[in-house]
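Here are the chains, one letter per residue:
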Amino acid sequence: MRSGLILALVRVALMTALQYRASFLLEFFVGVGTTASVVLPLVFVFDHTASVAGWSLHASLLVAAFFLVLQAMVGGLVEPNLGALVEGVRSGQLDYLLLKPPDAQFVASFQRVAPARLWDLLGGAIVGAYALSALPTPTAAGVVTAALLLFAGLAAVYGLWVLVICTSFWFVRVDNLRYLLGAVVDAGRWPVSIYTGWVRIFLTMVVPVALVTSYPALALLGRLDTGLAVQAVVVAVGMLVVSRVAWVQALRQYTSASS
Amino acid sequence: MIAAARAFPTLLRIAVAEMVAYRAEMVIWILTATLPLVMLALWNAASAGGPLDGFGQADFARYFAVTLLVRQLTGVWVLWELNQQIRTGALSPQLLRPMNPLWWQFAETIAAIPWRLLVLGPVLAGVALWRPEIVFVPTLAAAAGFAVSLVLALLVAWFVQCLFGILAFWFDQSLGLFQVWFFVWALLSGYVVPLPLLPTSVAAVATYLPFHASLGAPVEVLLGFAPVGPTLAIQAAWVAVLGAATYLTWNAGLRRYGAVGA
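Residue indices follow the written sequence of each chain, beginning from 1 at its first position. Each chain gets a letter, beginning with A, and each ligand a number, beginning with 1, in the order they are written. Selection of residues for local features in this predicted model requires a pLDDT of at least 70, selection of side-chain atom pairs for listing and counting requires 80 or more, and totals for whole chains, interfaces and linings are taken over all residues. Hydrogens and waters are ignored; side-chain quantities use all the structure's heavy atoms.

We count a salt bridge whenever a side-chain nitrogen from Lys or Arg sits within 4 Å of a carboxyl oxygen from Asp or Glu. This model, assessed by the stated rule, comprises four salt bridges over all chains. Here Asp103(A) makes a salt bridge to Arg244(A), at a shortest N to O gap of 3.1 Å. Of this pair, Asp103(A) sits in the loop between α4 (94-98) and α5 (104-108) while Arg244(A) is found in helix α11 (residues 226-253), placing the two residues 141 residues apart along the sequence. Only protein chains enter the accessibility calculation, which uses a 1.4 Å probe; a residue is then buried when its area is under 20% of its type maximum, exposed when over 50%, and partly exposed in between. Assessed through its relative accessible area of 27%, Asp103(A) is described here as partly exposed. Among the salt bridges present, the one from Glu133(B) reaches Arg131(B), with a minimum N-O distance of 3.8 Å. Secondary structure elements are defined from DSSP: runs of H or I of at least 4 residues count as helices, runs of E of at least 2 residues count as strands, and each element is numbered from the N terminus.

Printed below as a string of structure tokens:
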């Protein structure tokens, strides 16, 4: 029933988005530009050195590929929905959503899609395939772990976004914070081991982008130890639980726009 | 023009008051432009084993700290304002005033600069705390060249955004076009890679392009690895060309403008 509901929601969201298809060609170029802007700096850096913090060019490209997948998910699904939610809190439109029988957080998370971001997904797939072609073939266990970590990481990032958005129930204007969050996510495009000290801890525990980008890449390379994998799952589950609690608290606080 | 010059101090005062009203948003917008720090982290790790083409870890830290500063001081958002005003028709009441609305936009850009410095101060202090060796006192000549180059860079960035904004008179996807421009800009301006570290042939061409004129030029003048005279000349040429283009397209666009609701 849940999966049927997701399909229906995404279908309606897609139909809404596809009303504005005139910019298709332009969005393709923006997609190419996004991929190039993640890949080319790495190419320039590795033009001068063979290894950065123990990562080769191809291993770093694998991280970049996962970063593009993250960008596609955040820009294509998380950001449009939570942006609409903030607008709903401000205008009182959220009332209509709360009146529907399914869980409001669930519906609010799948109402909108930005299909243009599929280009990032395609870019990520191409970069990832190219990187893997030059690396030793990953083991089956590595692939499964990578998929699991990617999923856990995406869930953690989603939870974080919900957490930030929940603050808009109290302070309507802080929704700008999510742009700041977007800027922090940018740091996930490189292997996390290039960062030192508290920045690295920040990127794995607080804004856990490294879980989405570096850890799955490490799993594919066969360099991830079990401790890190467990830690990733713990962070993801923790983030989801905290965000759910915040959401419930926030709804209790919600008084609609006119009351 | 004379009327606008006389009104400019007043415009500036209003713009500063507006910045104060939206200070929280301002801080957040300023802090979102931190890509130079992300790039610094990568180059820092890459040069841990020794300098790359003469760039050591301290050089990278200094380069990207100055880049962050220049990026903020030449920060412009007139494109988004123009785009929104032209699409919604909010431009119409502004056209009733006895001067070009771009003057008001320019006053807003200038008024943001003190805020940018205020927010950036702690960030730069953090970088300096991490690598104290980046602190340096420029020669008087380098400082003077930097000041001129910075103003020219701001004007290049400003006119480029005006041109993309003016496109909205004809075409409603100008924001997307600017995004494509931004990707090329980031690679060729020195924003993510210092120009001397680009492949030689690419760097040779990039020196003459408007991307470099709007960011890399002042950075390199201050750090002393670009010749001051030629760099300023290239920048001045771009200001003249882009300024003339802005003037002409603005007038042509106004003739085409059909305000919403009119």
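Structure's up, so let's keep going.
What follows is about the packing of helix α4 (residues 57-73) of chain B against helix α7 (residues 101-130) of chain B. Residues and elements named next belong to chain B. It is at 10 Å that the axes of α4 and α7 come closest, and there the two elements cross at 170°. When the axes of α4 and α7 are compared, the pair comes out roughly antiparallel. Contacts from Ala61, Ala65, Leu68, Leu69, Gln72 and Leu73 of α4 reach α7 at Ile113, Arg116, Leu117, Leu120, Val123, Leu124, Val127 and Trp130. Residues of the contact of α4 with α7, tallied by class, amount to 12 nonpolar, one polar and one charged. The angle between two axes is taken between their N-to-C directions and runs from 0 to 180 degrees, where each axis is a line fitted to C-alpha atoms and a helix contributes only its stretch in contact. These descriptions rest on fixed angle ranges, namely under 35 degrees for roughly parallel, over 145 for roughly antiparallel, 65 to 115 for roughly perpendicular, and the rest for oblique. Note on definitions: a residue-residue contact is assigned when non-hydrogen atoms from the two residues lie within 4.5 Å. Ten residue types, Ala, Val, Leu, Ile, Met, Phe, Trp, Tyr, Cys and Pro, are classed as nonpolar, four, Asp, Glu, Lys and Arg, as charged, and the remainder, Gly among them, as polar.

Here the focus is the confidence of the model for chain B. For chain B, mean pLDDT is 89; residues scoring 70 or higher make up 98% of the total. For this predicted complex, the interface score ipTM comes out at 0.85, while the overall pTM is 0.88. The predictor's confidence in any single residue is recorded as pLDDT, a number from 0 to 100.

All names here are of chain A. Together, Leu148, Val233, Val237, Val241 and Val245 make up a nonpolar patch on the protein surface, roughly 410 Å² of accessible area in all. When you line up the elements, Val237 lands in helix α11. Looking at Val237, the relative accessible area reads 47%, which means it is partly exposed. Each patch groups residues whose relative accessible area exceeds 30% and which form no salt bridge, using 9 Å between like charges and 5 Å between nonpolar side chains of Val, Leu, Ile, Met, Phe, Trp and Tyr. In this description, accessible areas are obtained by the Shrake-Rupley approach with a 1.4 Å probe, and a residue is regarded as covered only by the protein chains that are shown.

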